[in-house]
Structure formats: structure tokens, C-alpha cells
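Given next are the chains, with one letter for each unit.
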Amino acid sequence: MSPLRRKRLAKIGLLLAGVALAVGLMIMAFQQNMMFFFSTTEVVAGKAPLERDFRVGGMVVEQSVERDPNSLLVQFTLTDYQTLLQVEYSGILPDLFREGQGIVAKGRLNEQGVFVATEVLAKHDENYMPPEVAQSLKPQESAN
Amino acid sequence: MLGELGLFALILAAGFAGLLSVLSLWGAHTAQRGLMHLAPSLALAMFSFAGLSFLLLIVAFLQDDFSLKYVASHSSVHMPTLFKVSAAWGAHEGSLLLWALMLTGWTLAVAYRAKGLTQLEHTRILGILGFISFGFLVFILFTSSPFERLLNVPEDGLGLNPLLQDIALIIHPPLLYMGYVGVAVSFALAIALLWQGEVRKSALAWARSWTLIAWVFLTLGIALGSWWAYYELGWGGWWFWDPVENASLLPWLVSTALIHSLLVSEKRGVLIGWTLLLAILAFAMSLIGAFLVRSGVLTSVHAFATDPTRGTYILLFLLVVIGGALTLFSYQAPKLVKPKPMQLLSKETSLLMNNVLLMVMAASVLLGTLYPLLLDALGLGKLSVGAPYFNAVMIPLTIPLALLMGIGFFLRWKQDHAARLTQALWPLALFSALAVLIGALWLMPDLPIMAVVGLAMTAWVGLGALIWLIQQRVRSGHLPNSALGAVLAHSGFALMLFGIALSSLYGIEKDVRLAPGESYSLKNYQLQFVSVSQGAGANYLTSQARVKLFKDDQFIRELQAEKRLYIGHKMPMTEVAIDAGFTRDIYVALGEPLGDQGAWSFRLQYKPFLRAIWLGALLMALGGLIAVFRRWQMRSKTI
């Protein structure tokens, strides 16, 4: 192998190693930060992880929203029309949050089986239902 | 009647696009001068009819023609005239028409600016742009016509989504689309060059100007969208890694890489294959963006009504255009590439490394955006990655990028020497160290390691550009013509890094409950909640909160944050109050009433140097513009 070619090979090797390293880090970051989505039924059935954050979607049950007058604590119940899941959130709810509306919450379960949300998403369209929620509601609707 | 005329004009535009594509490509293939001379006129006809169609749509909005389904769904008699006009591109159908109009506009501009191209290249480029225009126009005609009629004409329309009734949102989509569509020009050139199997230097120079213009539009469009999201959505962030934001970032990252690799190819005749590949990928990203936004596969603020046929069409179009381009590339590229040795220590190698970093960034954004969709489509589970993933990937990649950006100016083409480079870099190293030291002392005692890293990157990139500029001025007695834009753009990037680092590391975000008279402190600012009063605007009801802002207990001003309820819309809208300044923003968003004692929830934020982010983006765009004009000036002098 000529010195020129060896040099070029070394350069290409270096570049490839760098890219491989970057891709490795990328996949690691992806694995660490990915969050699964579950319906309330799946959460109640214990399919959701206990030790990491995940997202849960469903409709906010009518008359279930309870606000603590002295703090930002809000409690409400989510449903996919089969099971109920108690949710707790401290903070400001999005403009579109209301009873009977489909939402997605991010957080994890506590020991009492209550979902403690760190983020609540309701999208900015009044006819909006998160596709995940629509999906998880579908089997139920077709059963009726 | 006007609706039918609009539709007819659209059909004619599509017809001319088809003609432009077929006649130009055929003319170029068979070398028939007559056909090749036709291309500019066909481009003009295509643009004129697309423009007429768009104009008629706007007229329909102005006339409140609710017999058109699109007008009825997105306008209303109560809306201000300005928003009636902008509603024309406020939703799917109209914004696609605007997209197509801009594509035909770019084609027209290309038709009359051919300096540096051979006639064959020019005609092929027009033919390819005609083909892409045809694809979009047919897409609109068959799946998304804004001229569809309603059988039962309503008295009044539904009105535009209140979120979109905003000045920034009038200009954000046109700017962004100009950028998205503009990368089609360098794509068309890449195809034309691959087709003829020969790459000439002046063709690359031609492409660089066009790519720069598209990049300037992308930069401005993204920055404007980010600013809008900050003050309008009521969440208080400036970037959410929302898939649609990512869709605009992808072509930006790739075209940034493309601008730099075009420079290398033009100056040194190397990396030709890579440059052509980037031109193809930049347009691929722009089409993927269109697919993401327009197909309804996304859960996003931007996602409009969903329709699977639209997604399928765009996906097919993407496969044909990009698949075809990549196939052509794999056949032709080996012919074009003349392996030339590149030295490790040289400007071209450092630019290549910067390119690789930008492409890894683009790949990681693409992975984070598409992989969850892919899994979902295959029924393998629903997952998502949020900001933590993107931050975890982008921050470590930005550090070497910034390092290279600072060195880049000082490196020589072909072959540099370590000893010379070290000598050239020591002023930069010295001044950067000094700047970081001053910055660190100023930030003490609260000094996280990332703040030091952020300061170092800012100083290295920004001072690198400035010191180089000064040295050039001293040495040659005048400002270097070509690189002034680059210096400005790099300084803008430095400013942006500064804003990102400080606002995210030292920003404070708090959701709090405040009773009337109660105060909350953010650093040395105090916010005192006075009261909430009810009122009404032109087409909304409002709850308006008065909040007094104090600095070190000195009264500064009163802020008014609102919660509005637009007539005809069930959803409330948060109108935030911001006391803006270069060194810090104070942000107040009104939440909900809590209990019956008059207390409300508030989202309060203190964001230092947040404006540096958008100011930096503006500087970058300005730098891009200057680079384009300087090049045109120089070329008109030399020719």
C-alpha cells in the first residue's frame, strides 16, 4: 500500500469512526428519551412502565375536574370509555383543556395508581382529537 | 363564476407546466433550438395563470364568497380585511396554491437569469422545475382544490382559526415556502448537471446564489415562526421540536451544508459528487416537510384536516422525484467525480467536516421525527421522543461545529501547516479566553459548566469572524468583498448561540397562583397582580389581568395579559403580555380563575437574552443577502 493511499484510508477511517460514534450517541439518546403511548385501559391493566415516563391519552370525563382553590393542583379522570384513570397535575392547563375533550398527558404512575402528569397537551383546534385517542377509542365504537 | 375562472386558470397553469416540462426536456434531448427558446415564455405563461388563480382566490375571500367551501371554512364577514386576504393561505388548499405559485415564480426568475449557464443546462433546469410545478399543480387540482363549490351556501363562514389571525402569521408561511420551494432550483441544476455528465464551475457559482436566496428565506421564515410561537401560543418557548418545526429545520440544515460544499466545489473542484447529492437531499427534505405537514400524519398545531389520498400522492411524488434523482446520481456520479487528493489540514477538509456534522444533525432530527411515525404506521407501537432527545443530540454536535466555524476563516485552501495555523489562531484564542473570563466573572457565582461552553462557543465563532475581518482590512486596505456576508452570518450564529445558552440556562419559568395584590419575584423583578376585568373586542370577549412590573421595587410599567374567547370559537386564547428587552424578557400569561376569591393562575417567565436568538437569525439572513448581492456585483464587473 502506498503511503498516499494509507493516508487516505486513515482519513476515511477517521471520518467513519466519527460518524459511527455520532450515530451511536444518537441511538442511545433516542433509547433513553423515547416515550411510549398507552390508553387508559392499558395503563390500568399494568402494561405501562412504572419506573419511567410515558404518555397516556383519553377523554376527560365530564364533571371530573376538581381544582384545589389554594394551589395549582388539578385532578381529573381520563377514560377510553372502558376504564377510568385518575390524573393529577400541578400547573396551568392548556387553553383547550376541558371536560369531554381528548387530551394527552405525560408523566408516570405513583404508588396509589394515580397518574401524575408533568405535561398536559390539548391541541389548538376545537374539533381536534389526538389521533392516538381516536385510535384507542375506535375498537370500542365499532363494538357498539 | 370567479371560482370557476380560478379553477380554469389553475388548470391552464398545470397545462403550461406540463408543456414546459415535456417540451424543454425533449428540446434539450434532441437539441432543437426552437423548442429550447420556448421555455422562458412557457414559464411566464405558467406563472401568470398560477398567479391569476391565486389572485381570484383572494378576490373570493374579499367578496365573502361563501359558495366556495374553502372560503366558507376559513373566513367570515366579521374578519378584518387584512386577515381575509391572509386567510387565503391560512389552511391546506390555499397554502398549497401559494406554494405552487412560488414554485412557478422561482421558475420564472430562473428563466430570465441564466448568466453562467449553457443554454442546454438552462433549458433542462426549466424543464425539471416545470415537472415539479406540474406535480404540485396536479396535486392541488385532484386532491386540494380551493375552488370547490358548496351546494348549500352558508350566510357566514366559520372564520379563520384565531391563532392565525396575527401579523406574523401573514408573512411566516410565504417566507417559509419561498425557502422550501427555492431549494428546488439547486435540485434542478444538480439533475441537469448529472444528466449532461459534466460539471462546470460557473454553473456551481450560479447555484450558490440561488441556494443562498432560498436559505435566507428559510432562515427568516423559521425565525418568524419561532417568534410567533413564543408570543402567541402561550407556552412561552421559542422552539418545541414539534415535527413541523423539524420539517423546516431539515431543509435548513441540509442547505446550510450545501452552501458550504458549493463553495468548496466552486473554488477547488473537489467534493462535486457530495455537493450534487446535497442538492438532491435538500429538496428531498423540503418534500418530506411537505409530506409531514400536508398528509395529516402528524399530531401538531400545524396539521390541518387529514386526508389519506393527499399523503399517498405526496409520498408517491417524493418517491418518483427523489428516487429518480438518486438513481440518476448513482449512474452518473462516478463519471463526474475525478478523485483529487484533499489534505487533512485545509479549508476544504474543515468545510467537509462541518458538512458531515450538519448532515448528522439533519439525520438525527429526521430519525426523531420519522421513526415514531414509521413505527406507528407499521403498528409496532406508539412512541415519541421529545425535546430531551433532540437536545441530547444537537448540543454535543454543535460544539465541534462551532469549533470548526471559528477556525474555518483562518485555514488556507489546498494545504495548510500546523505551525502557520497556530500562529494565525493565537489572537482568536487569546481574545476568546478573555471574553469567556469576563463573561464568567459577570455570571458568577451561578456558573454551570454549560454556560462556560456556551460563552466559549459564542466567543470562538463570533470573534473568529470579526478578527479575521479586521485582519483582512488591515492587510489589504479594504473589506474583503466575498466574505463580508459570511462574516455577518457567522456572527449571527454566534449571537444565536449566546441567546440560546443564556436564555435556557438562566431562564426562569413558573406557574403560580396569585390573589389580587399578591406579588411574585423573578430574580430582581417583582410582578404584582392587581385585578382581572371583563371586556369585549371587535370579535371576542376578554378577561384582562393587570399586572404591575417592578424592578428592585421600582415601578416600571403595567402589563396586561388576556384570555380571549373569540365569537364562533369555543376555545379560549391566551394573549400574553411581554416586557421585551435585549437583555431580558418578562413574560406573563394569564391562566384560569382559581376559587372564588379572585385568584388566578399565571405563567411567569424571566428569559435573559432571548431576543439574541431571533436577532442572530436576522443577522444570518442579512449576511446571506449581502453575500448574494456582492456576488452579483462582482460578476457584473467581471463580465
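Predicted model only: the values in this text are computed from it and were never measured.

## Thoughts on the overall build of chain B
From N to C terminus, chain B includes 17 helices and 10 strands. Here chain B has a C-alpha radius of gyration of 26 Å; the compact-globule value for 639 residues is 26 Å, and the two agree. When the backbone C-alpha atoms are referred to their principal axes, chain B occupies close to 80 × 75 × 55 Å. Here chain B holds 639 residues, and the buried ones make up 52% of them. For chain B, contacts bridging at least 24 residues in sequence account for 75% of all contacts bridging at least 6.

## Description of the overall build of chain A
When helices and strands are tallied, chain A shows 3 helices and 7 strands. Written out in order from the N terminus, the α and β elements of chain A read α-β-α-β-β-β-β-β-β-α. Every one of the 144 residues in chain A was classed for burial, and the buried ones make up 31%.

## Here we look at helix 7 (residues 167–196) of chain B
Residues lying three or four places apart along an α-helix face the same way, a consequence of the helix completing one turn every 3.6 residues. Residues and elements named next belong to chain B. Between the first and last C-alpha of helix 7 there are 46 Å, a value that for 30 residues agrees with the 44 Å anticipated at 1.5 Å per step. Within helix 7, 23 of the 30 residues are buried, leaving the element largely enclosed by the surrounding structure. At the exit of helix 7 stands Gly197, carrying a positive phi of roughly 70 degrees.

## Here we look at the interface of chain A and chain B
Listed by partner, the interface residues are 28 residues for chain A and 35 residues for chain B. Secondary-structure elements contributing two or more residues to the side of chain A that touches chain B are helix 1 (3–33), strand 1 (34–39) and helix 3 (131–143) of chain A. No other element matches helix 1 of chain A, which puts 9 residues into the side of chain A that touches chain B. Here the side of chain A that touches chain B is built from residues that sort into 17 nonpolar, 4 polar and 7 charged. Relative to strand 1 (residues 383–385) of chain B, strand 1 of chain A runs antiparallel, the two sharing 3 bridges. In the sheet register, Met34(A) faces strand 1 of chain B, and the bridge partner there is Val385(B).

## A closer look at unusual backbone geometry
The omega torsion of the bond from Met444(B) to Pro445(B) falls at 0 degrees, within 30 degrees of zero and hence cis. Inspection of the secondary structure puts Pro445(B) in the loop between helix 14 (418–443) and helix 15 (449–476). Although it is not a glycine, Gln63(A) sits at a positive phi angle of roughly 65 degrees. Turning to its location among the elements, Gln63(A) is positioned in the loop between strand 2 (54–60) and strand 3 (66–67). According to the C-beta neighbour criterion, Gln63(A) is exposed, with 10 such atoms within 10 Å. Although it is not a glycine, Lys523(B) sits at a positive phi angle of roughly 50 degrees. Along the polypeptide, Lys523(B) turns up in the loop between strand 3 (519–522) and strand 4 (525–536). Residue Lys523(B) is classed as exposed on the basis of its 12 C-beta neighbours within 10 Å.

## Here's the deal with the sheet that holds strand 4 of chain B
Residues and elements named next belong to chain B. Strand order across the open sheet formed by 5 strands is 3-4-5-6-7, with antiparallel pairing between neighbours. Edge positions in the sheet fall to strand 3 and strand 7 (572–575), since each of these pairs with one other strand and no more. Adjacent strand axes in the sheet meet at a mean angle of 25 degrees when their direction is disregarded. As paired elements, strand 3 and strand 4 share 4 bridges and run antiparallel to each other. Across the sheet, residue Ser521 finds its bridge partner in strand 4, namely Gln526.

## Looking at the confidence of the model for chain A
Residues and elements named next belong to chain A. When the pLDDT values of chain A are averaged, the result is 81; 83% of them are 70 or greater. Taking the mean pLDDT of every element in chain A, the minimum, 49, falls on helix 3 and the maximum, 94, on strand 5 (residues 84–90). Here residues 124–130 scores under 50 on pLDDT; set against residues more than four positions off or in separate chains, the count is 14 contacts.

## Details of the environment of Arg52(A)
Within the fold, Arg52(A) resides in the loop between helix 2 (40–44) and strand 2. Put simply, Arg52(A) and Met34(A) are 18 residues apart on the chain and 10.0 Å apart in space, counted from C-alpha to C-alpha.

## Topic: the domain arrangement of chain B
Residues and elements named next belong to chain B. For chain B, the assigned domains are domain 1 (1–160), domain 2 (166–333 + 346–398), domain 3 (399–505) and domain 4 (508–612). With centres defined by C-alpha atoms, the gap from domain 2 to domain 3 works out at 27 Å. With 7 residues, helix 12 (residues 347–377) is the largest single contributor of residues to the side of domain 2 that touches domain 3. Of the residues belonging to the side of domain 2 that touches domain 3, the class tally is 5 nonpolar, 4 polar and 4 charged.

## A few points about the packing of helix 7 of chain B against helix 10 (residues 272–294) of chain B
All names here are of chain B. The N-to-C vectors of helix 7 and helix 10 enclose an angle of 140 degrees; their axes lie 8 Å apart at closest approach. Taken together, helix 7 and helix 10 sit at an angle that is classed as oblique. For the pair helix 7 and helix 10, the crossing hand works out as left-handed. For the pair helix 7 and helix 10, the contacting residues are Tyr180, Val183, Ala184, Ser186, Phe187, Leu189, Ala190, Leu193 and Leu194 in the first and Leu276, Ala279, Ile280, Ala282, Phe283, Ser286 and Gly289 in the second.

About the cut-offs
- Residues numbered from 1 in each chain as written.
- Chains lettered and ligands numbered in written order.
- Predicted model: local features only at pLDDT ≥ 70, side-chain atom pairs only at ≥ 80, totals over all residues.
- Helix = DSSP H or I, 4+ residues; strand = E, 2+ residues; numbered from the N terminus.
- Rg over C-alpha atoms; globule rule 2.2 N^0.38 Å.
- Buried ≥ 20, exposed ≤ 12 C-beta atoms within 10 Å, placed from the backbone.
- Contact = placed C-beta atoms within 7 Å.
- Expected span 1.5 Å × (residues − 1).
- Nonpolar A, V, L, I, M, F, W, Y, C, P; charged D, E, K, R; others polar.
- Pairing = 2+ DSSP bridges.
- Axes fitted to C-alpha atoms, helices over the stretch in contact; angles between N-to-C directions.
- pLDDT = per-residue confidence, 0-100.
- Domains from an automatic or database assignment.
- Parallel < 35°, antiparallel > 145°, perpendicular 65-115°, else oblique.
- Left-handed = near helix turned anticlockwise from the far one by under 90°.

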